[in-house]
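Each chain, written out:
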Amino acid sequence: MKNSLIVVFLSSCFLYGSGNEDIEIKDFFKNLYNKTVILEINQQSVSYNAKLSINSNQISFDTAMFDGTVSVFKDSLISSYDLNEKIIILENAEKNFLEFFDFENFENAKLITINTINNYSSYHYNYLNNKLLIKFDDTKKQVYSISLTQFDKIVFDCFVGSVESFQDPLTNLKVDDTWQVIDWR
């Protein structure tokens, strides 16, 4: 009887404890609704700043200071605003690599391992057959960096700066009749 109670106790600890291993990461993503995240994107040997704004129905990725582009992901529609050329490109996409910022989609990430070195914890996930590495600053209680790998190639690598109140990058765009729309849907 005593052994069966120990087995039940250990099983419940394993079942309930394992779901809480990455609770700080999940809380971070859950609290991004109606917020803007300031990112430093690393792409090959170039780094640039970007803003990722999330509200209840869309994700906006503002890289205007780097390449003059603002992309809006809403459901399966991607609207890319090229500020330099005054072009709006409309595309369909079932998935995009920024979806893990949306907490509901992040729930699809399967935690593989956690490593802790100094004040940083590295969380390794399998995310839709991709590798997602999230480093968490245990002192600041905030995600420090994110890296997404597809087929052994890093497709998204960034440092997380600050989390601010929601900033819609579309409010500052002056879209008028001179803009051309290219519909690739």
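What counts, and where the lines are drawn
- Residues numbered from 1 in each chain as written.
- Predicted model: local features only at pLDDT ≥ 70, side-chain atom pairs only at ≥ 80, totals over all residues.
- Heavy atoms only, no water.
- Helix = DSSP H or I, 4+ residues; strand = E, 2+ residues; numbered from the N terminus.
- Buried < 20%, exposed > 50% of the residue type's maximum accessible area, 1.4 Å probe, protein only.
- Salt bridge = Lys/Arg side-chain N within 4 Å of Asp/Glu carboxyl O.
- Arc of directions from axis to C-beta.
- Contact = heavy atoms within 4.5 Å.
- Core = buried A, V, L, I, M, F, W, Y, C linked by side-chain atoms within 4.5 Å.
- Phe/Tyr/Trp six-rings, centres within 6.5 Å; stacked < 30°, edge-to-face > 60°.

Undergrad: With reference to specific residues and values, describe unusual backbone geometry.
TA: Positive phi outside glycine occurs at asparagine 118, with the angle close to 55°. One can find asparagine 118 in the loop between β7 (110-117) and β8 (120-127). Among the residues examined, asparagine 118 registers a relative accessible area of 73% and is labelled exposed.

Undergrad: Describe the pattern of salt bridges, listing the residues and the values that go with them.
TA: Tallied over the full model, the rule gives four salt bridges. Residues aspartate 152 and lysine 131 are paired through a salt bridge, measuring 3.5 Å at the closest nitrogen-oxygen approach. In this pair, aspartate 152 is assigned in the loop between β10 (142-150) and β11 (153-165) and lysine 131 in strand β9 (residues 130-137), connecting sequence segments 21 residues apart. Residue arginine 185 pairs with aspartate 183 through a salt bridge whose shortest N-O separation is 2.7 Å. Judged by its relative accessible area of 41%, aspartate 183 falls in the partly exposed class.

Undergrad: Lay out helix α2 (residues 23-30) in plain terms, naming residues and giving numbers.
TA: The set of residues buried in α2 consists of Ile25, Lys26, Phe28 and Phe29. For α2, the angular spread of buried residues about the axis comes to 155°, placing them on one side.

Undergrad: Tell me about the environment of tyrosine 48, residues and numbers included.
TA: The residue tyrosine 48 is located in strand β2 (residues 46-55) in this model. Tyrosine 48 sits in the buried class, given a relative accessible area of 12%. For the pair tyrosine 48 and cysteine 158, spaced 110 residues apart in sequence, the C-alpha separation works out to 9.4 Å. The contacts of tyrosine 48, once residues within four sequence positions are left out, are Leu39, Glu40, Ile41, Gln43, Thr63 and Phe66.

Undergrad: I'd like a description of the nonpolar core, backed by residues and values.
TA: In this structure, Leu39 and Ile146 are the most contacted members of the largest nonpolar core, which totals 28 residues. Within the residue set of this core, elements represented by two or more residues are α2, β1 (35-43), β2, β3 (58-62), β8, β9, β10 and β11. Ranked by residue count, the leading element in this core is β2, at four residues. With seven residues, the next largest nonpolar core counts Val70, Tyr81, Ile88 and Leu90 among its residues.

Undergrad: Pulling in residues and values, what's your account of the packing of aromatic side chains?
TA: Enumeration over the complete set of coordinates arrives at seven aromatic pairs. Ring centres 5.6 Å apart and planes at 80° place the aromatic pair phenylalanine 28 and phenylalanine 29 in the edge-to-face group. The class of phenylalanine 28 is buried, set by a relative accessible area of 10%. Centroid distance tyrosine 81 to tryptophan 179: 6.5 Å. Interplanar angle 65°. Geometry classified as edge-to-face. In this pair, tyrosine 81 sits in strand β5 (residues 77-82) while tryptophan 179 sits in the loop between β11 and β12 (180-183), placing the two residues 98 residues apart along the sequence. The exposure class of tryptophan 179 is buried, given its relative accessible area of 10%. An aromatic cluster is present here, built from Tyr120, Tyr144 and Phe159 joined pairwise through their rings.

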